[in-house]
Amino acid sequence: MNSENSMPWSRILSGIIAIAVALIVFLLGGWYFTAFFAVIIYLGQLEYFELVRAKGIAPAAKTTLVVTQILLFVSNLNPDLADAIFPVAGTLICFYLLFQPKFATIADISASIMGLFYVGYLPSFWIRLRSLEQADMSNLPLDGFWITSWQGLNALPQGLTHTLLAFVCMWAADIGAYTVGRWIGRTRLSDISPKKTVEGAVFGVSASVTVAVVGSWYLDWSGWPITGVSLGLLVGIASLLGDLTESMMKRDAGVKDSGQLIPGHGGILDRADSYVFTAPLVYYFVTLVLPLLPHS
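These lines cover the structure that appears in this document, whether it is placed above or below. Residue positions are counted from 1 within each chain, in the order its sequence is given. Side-chain atom pairs in this predicted model are given and counted only at pLDDT of 80 or more, local residue features only at pLDDT of at least 70, and totals for whole chains, interfaces and linings cover all residues. Hydrogen atoms and water are omitted, and side-chain values are computed over all heavy atoms in the structure.

1. Quick notes on the side chain of Thr163
- Locating Thr163 in the fold gives a position in helix H8 (residues 158-183).
- Working definition: with a 1.4 Å probe on protein chains only, accessible area under 20% of the residue-type maximum means buried, over 50% means exposed, and in between means partly exposed. For Thr163, a relative accessible area of 0% puts it in the buried group.
- At a separation of 2.6 Å, a polar atom in the side chain of Thr163 contacts the main-chain carbonyl oxygen of Gly159.
- Residue contacts are counted whenever heavy atoms from the two residues lie within 4.5 Å of one another. Ignoring sequence-local partners within four residues, the contact set of Thr163 consists of Trp126, Leu129 and Arg130. Labels follow the DSSP assignment, with helices taken as runs of H or I lasting at least four residues and strands as runs of E lasting at least two, numbered in each case from the N terminus. By the criterion applied in these results, polar contacts are pairs of N or O atoms within 3.5 Å in which, for protein atoms, one can donate a hydrogen and the other can accept it, and in which residues neighboring in sequence qualify only through two side-chain atoms.

Next up, the structure:
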């Protein structure tokens with residue numbers, strides 16, 4: 001195996017550390033999870049606005065950063081209210097740009113609202129998903145949760161099990177697509193990201209479906225295995241499209257990585273791009289679709 005097809009050790013090590021930290025925070029939930037995500041989203045927005053500025057656009061970065069943190073706070077406090085915060089936050093951003101000494105352009109407004117929507121509002125659904133049943137089962141300060149005795153996954157908060165299942169699906173899709181694409185990938189998937197291959201994409205989505213089917217069986221979901229296949233396809237395809245969307249923005253900005261924060265992975269957006277579009281899909285699948293299905 002040549003060095004081009006080998007996985008860099010820095011990528012493996014930083015990936016293992018990131019997964020370990022993520023698992024601990026996911027388990028705790030509550031305000032611990034919210035604070036963790038708030039930091040990640042803050043750093044991700046900083047990277048996004050650097051991409052935007054590389055195109056000569058002047059976004060309302062500070063205002064967007066502030067209203068996004070408020071949105072994340074409300075997402076944990078009252079998820080239903082978060083949907084009302086989003087249009088209000090967008091209005092505040094437009095007001096800020098309206099009263100700047102320099103006339104704002106359509107690009108300035110659009111980039112600012114995109115920063116709120118793409119790097120703030122969409123990822124906030126992870127906080128909503130993780131908060132399901134958390135208040136009823138918390139046993140730590142700040143609405144935290146810790147396992148005191150193991151009674152199976154079904155005994156854990158619903159938000160925890162569903163969040164873990166979604167993330168394991170994405171990890172399987174990401175690792176599967178990267179590994180198979182590097183080893184046997186020959187057919188280019190898109191000119192947006194030349195290193196991505198059809199073989200890797202197919203294997204990645206298949207890995208996501210496999211994990212989702214096993215998880216839906218273990219959690220005794222209604223409509224198994226169709227519900228597992230459906231979730232796996234949603235997660236696998238949405239994570240792939242999220243990756244391509246971020247690649248498109250980097251290509252337009254003329255940069256290779258969105259940042260250099262994570263060794264071997266680039267910036268926060270490089271690592272978290274797969275998670276953006278997936279969040280609301282998983283949340284509404286769990287809260288709207290599953291309850292409609294009759295339990296066998």
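2. Brief notes about the packing of aromatic side chains
- To pair, rings of Phe, Tyr and Trp, with the six-membered ring standing in for Trp, must have centres within 6.5 Å; the planes then decide the type, stacked if under 30 degrees apart, edge-to-face if over 60, and tilted in the middle. One pass over the full model with this rule turns up 19 aromatic pairs.
- Each member of the aromatic cluster is reached from another via a ring pair, and the members are Phe26, Phe33, Phe36, Phe37, Trp126, Phe167, Trp171 and Tyr275.
- Whether a charge lies above a ring is judged from NZ of Lys or CZ of Arg, which has to be within 6 Å of the ring centre and within 35 degrees of the ring normal. Above the face of the Phe125 ring, Arg128 is positioned so that its terminal group lies 4.0 Å from the ring centre.

3. Quick look at the pattern of salt bridges
- Here a salt bridge means any side-chain nitrogen of Lys or Arg lying within 4 Å of a carboxyl oxygen belonging to Asp or Glu. The full count for this structure, using the stated rule, is six salt bridges.
- Here Lys55 and Asp252 are joined by a salt bridge, their closest N and O atoms 3.2 Å apart. Note that Lys55 is positioned in the loop between helix H2 (30-53) and helix H3 (61-77) and Asp252 in helix H10 (residues 226-253), a separation of 197 residues in sequence.
- Accessibility expressed as a relative area gives 43% for Lys55, which makes it partly exposed.
- Taking the relative accessible area as the measure of exposure, Asp252 reaches 48% and is therefore partly exposed.

4. Things to note about a nonpolar patch on the surface
- Two distance rules govern patches: like charges are joined within 9 Å, and nonpolar side chains (Val, Leu, Ile, Met, Phe, Trp, Tyr) within 5 Å, applied only to residues with over 30% relative accessible area and no salt bridge. Every accessible area reported is derived by Shrake-Rupley at a probe size of 1.4 Å, with residue values counting cover from the shown protein chains alone. A cluster of nonpolar side chains, Val88, Leu92, Phe95, Leu98 and Phe99, forms an exposed patch at the surface whose accessible area comes to about 560 Å².
- As for its position among the elements, Val88 is in helix H4 (residues 79-98).
- On the basis of relative accessible area, Val88 is assigned to the partly exposed category, the value being 48%.

5. Side note on the packing of H10 against helix H12 (residues 278-289)
- Only the stretch in contact is used when a helix axis is fitted, and all axes are lines through C-alpha atoms; the angle between N-to-C directions ranges over 0 to 180 degrees. It is the contact of H10 with H12, at a shortest axis distance of 9 Å, that shows an interaxial angle of 165°. Of the possible angle classes, the one that applies to H10 and H12 is roughly antiparallel. The chirality of how H10 crosses H12 is right-handed. Residues Thr227, Ser230, Leu231, Leu234, Val235, Ala238 and Ser239 of H10 form the contact with H12, whose participating residues are Thr278, Leu281, Val282 and Phe285.
- Following the grouping adopted for this structure description, the nonpolar residues are Ala, Val, Leu, Ile, Met, Phe, Trp, Tyr, Cys and Pro, the charged ones are Asp, Glu, Lys and Arg, and the polar ones are all others, Gly among them. Class assignment for the residues of the contact of H10 with H12 results in seven nonpolar, four polar and no charged. Roughly parallel refers to an angle under 35 degrees, roughly antiparallel to one over 145, roughly perpendicular to one between 65 and 115, and oblique to any angle outside these ranges. Should the near helix be turned anticlockwise from the far one by less than a right angle, the crossing is left-handed, and should it be turned clockwise, the crossing is right-handed.

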